[in-house]
Amino acid sequence: MNSYETLETFQFYFKKKVVLLGGTEKFKNEFQKCLSSSCLPIENKQNIGVNISKIDYFYEPKYKFEYLLWNIDCGQRRAFLRTIFYSGADAIIIFISETKIDQIRQYFDELQLKIPEIPLIFCIILEKHSKKEIINSYFINEEFSSIISENSFKINELTDPIEILNQVSSIFKKKAKIKELENRFFIDFISLTSLFGHKGIRDECNDYYEPETHTLKISQIINTDLLIKYLQKIDLAIDFDYLNWIKIKNKIFGTFSIYLKNGNVYYFPKVCEKCKDKNCSKFKKAPYYICIEAGDSNGWTNIKGFNQNELLILTKVFALKEGDEKSLPKSVIKQIKNINICEYKLK
């Protein structure tokens, strides 16, 4: 089949950023090299703490993924730097040595604090032990087992590195159809031989080095139950849409959606709601992400459990419901106006 015929079969194209973490630097480098279609020199990782490559991946009929793989140095020397590279990540793969299973808990706690709601795949590399031996030795720990059960980890055994890409692609395919995933955390077991064949690659796993807290603004976990409780008491015309999402109709601008777990705002412009050309590229890109950030003030409340993050989301709800060009911040109005420019009408 020629390339033109192949392109004709695509109906879904995704471009995603996937971060690679873990103290097994040689394993991460080899994983990046063996799967990437193009890759920057590995010296980039030694010099700036990250190396970036591209993976062109075809998942099932009609699905093409372009993955930008960010292979981040997790050694002690660059621990203060690594969280800078998390921004914009769509999923994270963490390579875990069978000798340092406790790093699952350490990386999980860090990533839940820094970038909650992101899919995490922990890949345990088996060299001398089996999946059963690891589970019997480590998973019986009360604290460890509670993390796995409370967060609905799915445990798998893989035989090929391509299966990791299949897993990531499956997550994104589901996420494109539903707004919130029930399962976002995975523990995969894969043998070193299955991962790299018989190349004789060995690696001494680094210890876990906690990044300095000042390198990234720490996010609090949103108290969504309390937030929904108060939103339901407010006499405001908003719709609860699929678990932790609410929809806000603005008579001037169109429809806004807010994800209550992190406060992210997405916008479906009015110009697209009225448009009859559903094949328009602008319509297909909607909804658009709108940046509305909190300032550095601490905020206040006399409601126990309500902090600045919850109050910020309430503020967004009120502002977007009744907002107009005079009352909304200029930065928000500028984003909305840029999105509302209809390229079809300009032709």
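So, here is what we can say about the structure in this document. (Residues numbered from 1 in each chain as written. Predicted model: local features only at pLDDT ≥ 70, side-chain atom pairs only at ≥ 80, totals over all residues. Heavy atoms only, no water.)

## Observations regarding the overall build of the protein chain
And then number 1: Along the backbone of the protein chain there are 14 helices and 13 strands.
And then number 2: Taking all 347 residues of the protein chain together, the buried fraction comes to 45%.
And then number 3: Sequence-distant contacts, at least 24 apart, represent 69% of the contacts inside the protein chain between residues at least 6 apart.
And then number 4: Per element, the accessible surface of the protein chain, about 19300 Å² overall, is 51% carbon and sulfur. (Helix = DSSP H or I, 4+ residues; strand = E, 2+ residues; numbered from the N terminus. Buried < 20%, exposed > 50% of the residue type's maximum accessible area, 1.4 Å probe, protein only. Contact = heavy atoms within 4.5 Å. Areas by Shrake-Rupley, 256 points an atom, 1.4 Å probe, with all protein chains shown as cover.)

## Focus: helix α4 (residues 103–114)
And then number 1: For α4, spanning 12 residues, the distance from its first C-alpha to its last is 16 Å, which sits close to the expected 16 Å at 1.5 Å a residue.
And then number 2: Residues of α4 that are buried include every one of Gln103, Ile104, Tyr107, Phe108, Glu110, Leu111, Gln112 and Lys114, and no others.
And then number 3: Those residues of α4 that are buried lie in contact with β1 (12–21), β5 (91–97), β6 (120–126), α6 (142–150) and β8 (185–191). (Expected span 1.5 Å × (residues − 1).)

## Let's talk about the sheet that holds strand β13 (residues 288–290)
Strands in a sheet are paired, the pairing made by backbone hydrogen bonds, and the direction either parallel or antiparallel.
And then number 1: Pairing is antiparallel in the open sheet, where 5 strands are placed in the order β9-β10-β11-β12-β13. Only two strands of the sheet have a single partner each, and these edge strands are β9 (238–241) and β13. When strand polarity is set aside, the average angle formed by the axes of neighbouring strands in this sheet is 30°.
And then number 2: Sheet analysis places strand β12 (residues 265–269) next to β13, joined by 3 bridges and oriented antiparallel. (Pairing = 2+ DSSP bridges. Axes fitted to C-alpha atoms, helices over the stretch in contact; angles between N-to-C directions.)

## So, a negative patch on the surface
And then number 1: Negative charge collects at one region of the surface, where Asp102, Asp109, Glu142 and Glu143 lie side by side.
And then number 2: Looking at Glu142, the relative accessible area reads 69%, which means it is exposed. (Patch = residues over 30% accessible without salt bridge, like charges linked within 9 Å, V, L, I, M, F, W, Y side chains within 5 Å. Salt bridge = Lys/Arg side-chain N within 4 Å of Asp/Glu carboxyl O. Lys, Arg positive; Asp, Glu negative; His and termini not counted. Charge placed at Lys NZ, Arg CZ, Asp CG, Glu CD.)

## Focus on empty space enclosed by the protein
And then number 1: In the structure shown here, the tally under the stated rule is 3 cavities of 30 Å³ or more.
And then number 2: Empty space within the largest cavity amounts to approximately 40 Å³.
And then number 3: Along the walls of the largest cavity sit Val18, Ile55, Tyr67, Leu69, Ile93, Leu165 and Val168, which together make up its complete lining.
And then number 4: At the level of secondary structure, the elements contributing two or more residues to the lining of the largest cavity comprise β4 (63–72) and α7 (162–177).
And then number 5: Taken together, the residues of the lining of the largest cavity break down into 7 nonpolar, no polar and no charged. (1 Å grid on protein atoms, 1.4 Å probe; cavity = no way out; pocket = protein on both sides within 12 Å on 5 of 7 lines; lining within 4 Å. Points joined across faces, edges and corners; volume = space filled by probe spheres on them. Nonpolar A, V, L, I, M, F, W, Y, C, P; charged D, E, K, R; others polar.)

## Thoughts on the pairing of strand β10 (residues 245–250)
And then number 1: One ladder, built from 4 bridges, connects β9 with β10; its direction is antiparallel. The residue bridging Asp239 from the neighbouring strand is Lys247, located in β10.
And then number 2: One ladder, built from 6 bridges, connects β10 with strand β11 (residues 254–259); its direction is antiparallel. Each bridged residue has a counterpart across the sheet, and for Ile248 the counterpart in β11 is Phe256.
And then number 3: What sits between the antiparallel neighbours β10 and β11 is a turn of 3 residues.

## Quick word on the packing of aromatic side chains
And then number 1: Applying the stated criterion across every chain yields a total of 21 aromatic pairs.
And then number 2: The interplanar angle of 5° and the centroid separation of 6.2 Å between the aromatic rings of Phe14 and Tyr63 together place this pair among those described as stacked. With Phe14 in strand β1 and Tyr63 in strand β4, the pair connects residues that are 49 residues apart, well separated along the chain.
And then number 3: An aromatic cluster of at least three residues, connected via ring pairs, comprises Phe12, Phe14, Tyr59, Tyr63, Phe65, Tyr67 and Phe172.
And then number 4: Of note, Lys16 hangs over the ring of Phe172, and the distance from its end group to the ring centre comes to 5.1 Å.
And then number 5: Directly above the aromatic system of Trp70 lies the positively charged group of Lys17, at a separation of 3.7 Å from the ring centroid. (Phe/Tyr/Trp six-rings, centres within 6.5 Å; stacked < 30°, edge-to-face > 60°. Lys NZ or Arg CZ within 6 Å of the ring centre and 35° of its normal.)

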